[in-house]
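# Structure assessment
What follows is the residue order along each chain.
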Amino acid sequence: MSIYDTLNEKQKEAVFHTEGPLLILAGAGSGKTRVLTHRIAYLIENGINPWNIMAITFTNKAAGEMRERVNNLVEFGAESIWVSTFHSSCVRILRRYIDKIGFDNNFTIYDTDDQKKLIKDICKRLNIDTKYLKEKAVLAEISKAKNEMITPEDYALENAGDFGKKNIISVYKEYQEQMRKNNALDFDDLLVKTVELLRSNPEVLESYQERFKYIMVDEYQDTNTVQFLFIRLLADKYKNICVVGDDDQSIYKFRGANISNILDFEKYFENTKIIKLEQNYRSTKMILDAANAIISNNTARKEKSLWTEKDEGYRVIFRQIDSEYDEAEYVADEISQVVRKGIYSYNQIACLYRTNAQSRVLEERFIREGIPYKVIGGQNFYQRKEIKDLIAYLKTVENGRDEVAIKRIINVPKRGIGDATVDKIDTFAQANGISFYDALKNENAMAVIGRSASKIKPFVDFIQRLKAESEVMKISDIMEHIINETGYVEELKAEGTDEAKGRIENIGEFFSKIVDYEEKNENATLSGFLEEISLIADIDNLETENDYVVLMTIHSAKGLEFNKVFLCGMEDGLFPSYMSIGTDDTSEIEEERRLCYVAVTRAMDSLTITSARRRMVRGQTQYNAVSRFVKEIPRFIMDANVSAEKLSSSEGIIKPSANSNAKPIFKAKAFETRQYEVKKQDKLEYTVGDTVKHIKFGVGQVMDITEGGRDYEVTVDFVSAGTKKMFASFAKLKKM
DNA sequence: CAGCCATATCTTTTT
DNA sequence: GATATGGCTG
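## Examining the nonpolar core
- Counting residues in each nonpolar core, the largest one holds 49 residues, and the members touching the most others are L394, L440 and F510.
- Beyond its immediate chain neighbours, meaning those up to four positions away, F510 contacts F381, Y382, I387, L390, I391, L394, M479, F529 and I533.
- Judged by nonpolar contacts, the second largest core, of 48 residues, contains I251, A557, L560 and L607.

Below, the structure written as structure tokens:
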């Protein structure tokens, strides 16, 4: 008996195919993590040095789990496998070699917030009105370019004729220059600079090619162009690259994920072996059927058919409820009930939704009913104001060139150094070609500033002192020093509000995280700590052994599974998002549908879908129709509180009263899906009284046929399954 | 320069 | 509804 006996034939094939390029098309719940871990174990068993194995996962959590699972399979060596995310891998490489391309190895990492601040500064300097050109839009454009490995120069050339992009061209150029000056990298840069480094330094590239003789990439469908270039460079020498993905679960196009990475894999890597994993081990038949029905509406996909040996299970429950508050109440009641009955424990249940904003109402209800829960995502702990302020101090100590960090804290807490002064220093620094921090130390600069110069001196002295201390002191001691000297917590205490109290608590938590880091790492460094917290994802903190219900977006739920899943807010306009409905571009709606597919396939044995007739969005009441995705689920595998007619037409929606100023955001036309025309057969091949055969329920007699909204509804009395009502187009009844 | 009030914009998803 | 920004005043 070997550890591989539990694998199915296809899985074994994937595990034993160790040499050369391998593409595993793994459907949802088909055991791809099992394949990856067993494959690693197999490699090690066959004499491959764990040191030579690299596995790239989507989150740090997945990386940790993979290491643990490999650890359970092999005797030793699991700890020396390189398992991490793309971003962490790149940071590790860059920390070592980035000086070769003109950065300091102690570079800092900018999050979106920092990026925005920098962009704003640049626009101000370039006299670009951010009213007309939003920072967010610029940022998105720059990110898009970087994901495609387009430099500012290339970008300028490509868009030379486009007047509308003139400003973006100059901001992008200036942005990159400023990042270099600040010795900072953003998330995209981590990838871009690594590829740049590997391309321009053959000896570095070769050392990594030799190191990573066997490479595995999980969630491959969500890689973007730079990420692909990165792994292609690494795999170029030995070509032992194994990627696992599912085009139906590609949900990160908005972040630059390039689906052609999976569709064209074979073109880049000659002699690619392709293995499809189509047996699902996770979900019941009903849930799988629902998922398959939904995803089959997409046109751009590789055809595959997931199947399961599991039981039929329960039908998918659908409830349309009046408002989001009632929805929350329903979900909370259901949870309380199943837990009370002992059917599930809290940690077997998840609530998934499209947007982070939806968590609030659920949370309020859960608190009322005493349901333990944890929200994943939304605002990250490290993005909170007070935490970012303290991090900015640490960043300033670590990398004096980080302008965004210094500007953030120069007047926090208030030191009498206002915007005007900052501007003057900025101008001086620009004119004299020195950094902002150096300008602060420059006497000539202080002469220009006049009055508030006296305020700057103590600040600079303070930072200098901290810098000196950082050479010898622990991070926690420095932090303590910062908090005491700035009076940050004192100030909050004086405020006395609940909000301030919350902030103080957060600071306390931040402090314990520092201590925690110091305890876990023997050679704890400030830069190491900063790096860790900048790459941490909220999902990494999910501890499955704790007994709480998890609330998160579907994006965050990728790769996870739960016994019972609540899919909330299934309304047209919310999910699919109104952003994807308005456009002619069907690829947007198809991405939403894939997202829905991901959501449904998270459920192992119970799935409940809810939608609200009325919902507050941005302070306005919206009246939305049931999500089109719900309508794509065959009626006979659904247990709905809404009739077929109402589901398939707009009848289920409350019309806003005449004196209400709230308007439905969609015109009636939006509900009348075109599928109505396409799907409804002109004529059925059977009629009342005929004997028909159904694929699941067997033989029966047609009792009744009624014209539903978009389809015929057929009532059949089955010999063994009893009387069932179903849609003709889904039922696929055959006349006997 | 800081504090206060009015307003605008936001929400799709994240490493 | 909540938060960030901008303008105004002391």
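## Description of the side chain of S250
- In this fold, S250 is placed in the loop between β7 (241-245) and α12 (260-263).
- If we ignore the near neighbours within four places in the chain, the residues touching S250 are Q221, D222, I259, E591 and R594.

## Comments concerning the pattern of salt bridges
- Overall, the coordinates contain 54 salt bridges when judged by the stated rule.
- The shortest N-O distance in the salt bridge between E386 and R503 comes to 2.5 Å. Pair noted here: E386 is in helix α17 (residues 385-398) and R503 is in helix α25 (residues 498-520), with a separation of 117 residues, a long-range link. With respect to burial, E386 and R503 carry one shared label: buried.
- Between K407 and D426 there is a salt bridge whose closest N-O contact spans 2.9 Å. Of this pair, K407 sits in helix α18 (residues 403-409) while D426 sits in helix α19 (residues 419-432), placing them 19 residues apart in sequence.
- A cluster of three or more residues bridged by salt bridges with shared partners is formed by D111, D113, D114, K117, K388, D389, K395 and R408.

## Description of the sheet that holds strand β1 (residues 22-26)
- Here we have six strands laid out as an open sheet, ordered β3-β2-β6-β7-β1-β8, and parallel in their pairing. A single partner strand is all that each edge strand has here, and the edge strands are β3 (82-85) and β8 (273-277). Across the sheet, the axes of successive neighbouring strands diverge by a mean angle of 15°, strand direction being ignored.
- In the packing of helix α1 (residues 9-16) onto the sheet, the strands contacted are β1 and β8, and the crossing angle to β8 comes to about 145°.
- Strands β1, β2 (53-57), β6 (214-217), β7 and β8 of the sheet are contacted by helix α2 (residues 32-45), whose axis makes an angle of about 170° with β6.

## Concerning the packing of aromatic side chains
- For the structure shown, the criterion picks out 20 aromatic pairs.
- Taking 6.0 Å as the distance between ring centres and 65° as the angle between the ring planes, the aromatic pair formed by F366 and Y373 counts as edge-to-face.
- The cationic tip of R211 hangs over the ring face of W51; the distance from NZ or CZ to the ring centre is 3.3 Å.
- When the ring centre of F381 is taken as reference, the NZ or CZ atom of K513 above it lies at 5.0 Å.

## Re the protein's contact with DNA strand B
- Of all residues adjacent to DNA strand B, which total 25 residues, the nearest are K136, R255, R354, T421 and Y578.
- Take the atoms of DNA strand B that sit within 4 Å of the protein: sugar and phosphate atoms are 58% of them.
- Contact distances for DNA strand B include 2.9 Å between a base oxygen and a side-chain N or O atom of H87.
- In the model, a base oxygen of DNA strand B is placed 3.5 Å from a nitrogen or oxygen of the H555 side chain.
- Secondary structure elements with two or more residues in the surface near DNA strand B: α19, α27 (554-557) and α28 (578-581).
- In terms of residue class, the surface near DNA strand B is made up of eight nonpolar, 11 polar and six charged.

## Details of unusual backbone geometry
- With an omega of 5°, the peptide bond running from F575 to P576 counts as cis.
- Summarising the element assignment, P576 is placed in the loop between β15 (562-567) and α28.
- Its identity is not glycine, yet N127 carries a phi of approximately 60°, on the positive side.
- Note that N127 resides in the loop between α5 (112-125) and α6 (135-147).
- One non-glycine residue, M149, lies in the positive phi region at around 65°.

## Quick word on a nonpolar patch on the surface
- A cluster of nonpolar side chains, contributed by V699, V719 and M736, occupies part of the molecular surface with about 310 Å² of accessible area.
- Residue position: V719 is located in the loop between β21 (712-718) and β22 (722-727).
- The exposed category is assigned to V719, whose relative accessible area is 73%.

## Re the packing of α17 against helix α22 (residues 453-472)
- At a closest axis distance of 9 Å, the pairing of α17 and α22 adopts a crossing angle of 70°. It follows that α17 is roughly perpendicular to α22 by the angle criterion. For the pair formed by α17 and α22, the contact residues are Y393, T396 and V397 on the first element and F462, I463, L466, K467 and S470 on the second.
- Of the residues in the contact of α17 with α22, the class split is five nonpolar, two polar and one charged.

## Concerning helix α29 (residues 586-600)
- Helix length check: α29 (15 residues) gives 21 Å between terminal C-alpha atoms against 21 Å at 1.5 Å per residue, within 8%.
- With 12 of 15 residues buried, α29 lies mostly within the body of the structure.

## Quick notes on the packing of α1 against α2
- Remark: α1 packs on α2, axes separated minimally by 8 Å, with the N-to-C direction vectors making an angle of 45°. The angle between the axes of α1 and α2 places the two elements in the oblique class. The handedness of the crossing between α1 and α2 is right-handed. Residues Q11, A14, V15 and F16 of α1 lie in contact with α2, whose contacting residues are V35, H38, R39 and Y42.

## Brief notes about the side chain of Q11
- One can find Q11 in helix α1.
- Residue Q11 is classed as buried on the basis of its relative accessible area of 1%.
- In contact with Q11, not counting residues within four places along its chain, are S30, G31, V35, L277 and Y281.

## Description of the pairing of β7
- Of all five residues in β7, five are buried; the element is thus mostly enclosed.
- Side chains I241, V243 and G245 of β7 all project onto a buried face; the interleaved residues C242 and V244 project onto the opposite face, where all are buried too.
- Relative to β7, β6 runs parallel, the two being bridged by three bridges. By the bridge assignment, V217 is partnered in β7 with V243.
- Handedness of the β6-helix α11 (residues 225-235)-β7 crossover: right-handed.

Criteria and thresholds
- Residues numbered from 1 in each chain as written.
- Chains lettered and ligands numbered in written order.
- Predicted model: local features only at pLDDT ≥ 70, side-chain atom pairs only at ≥ 80, totals over all residues.
- Heavy atoms only, no water.
- Core = buried A, V, L, I, M, F, W, Y, C linked by side-chain atoms within 4.5 Å.
- Buried < 20%, exposed > 50% of the residue type's maximum accessible area, 1.4 Å probe, protein only.
- Contact = heavy atoms within 4.5 Å.
- Helix = DSSP H or I, 4+ residues; strand = E, 2+ residues; numbered from the N terminus.
- Salt bridge = Lys/Arg side-chain N within 4 Å of Asp/Glu carboxyl O.
- Pairing = 2+ DSSP bridges.
- Axes fitted to C-alpha atoms, helices over the stretch in contact; angles between N-to-C directions.
- Phe/Tyr/Trp six-rings, centres within 6.5 Å; stacked < 30°, edge-to-face > 60°.
- Lys NZ or Arg CZ within 6 Å of the ring centre and 35° of its normal.
- Near = heavy atom within 4 Å.
- Polar contact = N/O pair within 3.5 Å; in protein donor to acceptor, adjacent residues only side chain to side chain.
- Nonpolar A, V, L, I, M, F, W, Y, C, P; charged D, E, K, R; others polar.
- Patch = residues over 30% accessible without salt bridge, like charges linked within 9 Å, V, L, I, M, F, W, Y side chains within 5 Å.
- Areas by Shrake-Rupley, 256 points an atom, 1.4 Å probe, with all protein chains shown as cover.
- Parallel < 35°, antiparallel > 145°, perpendicular 65-115°, else oblique.
- Expected span 1.5 Å × (residues − 1).
- Left-handed = near helix turned anticlockwise from the far one by under 90°.
- Right-handed = clockwise from strand over helix to strand, strands pointing away.

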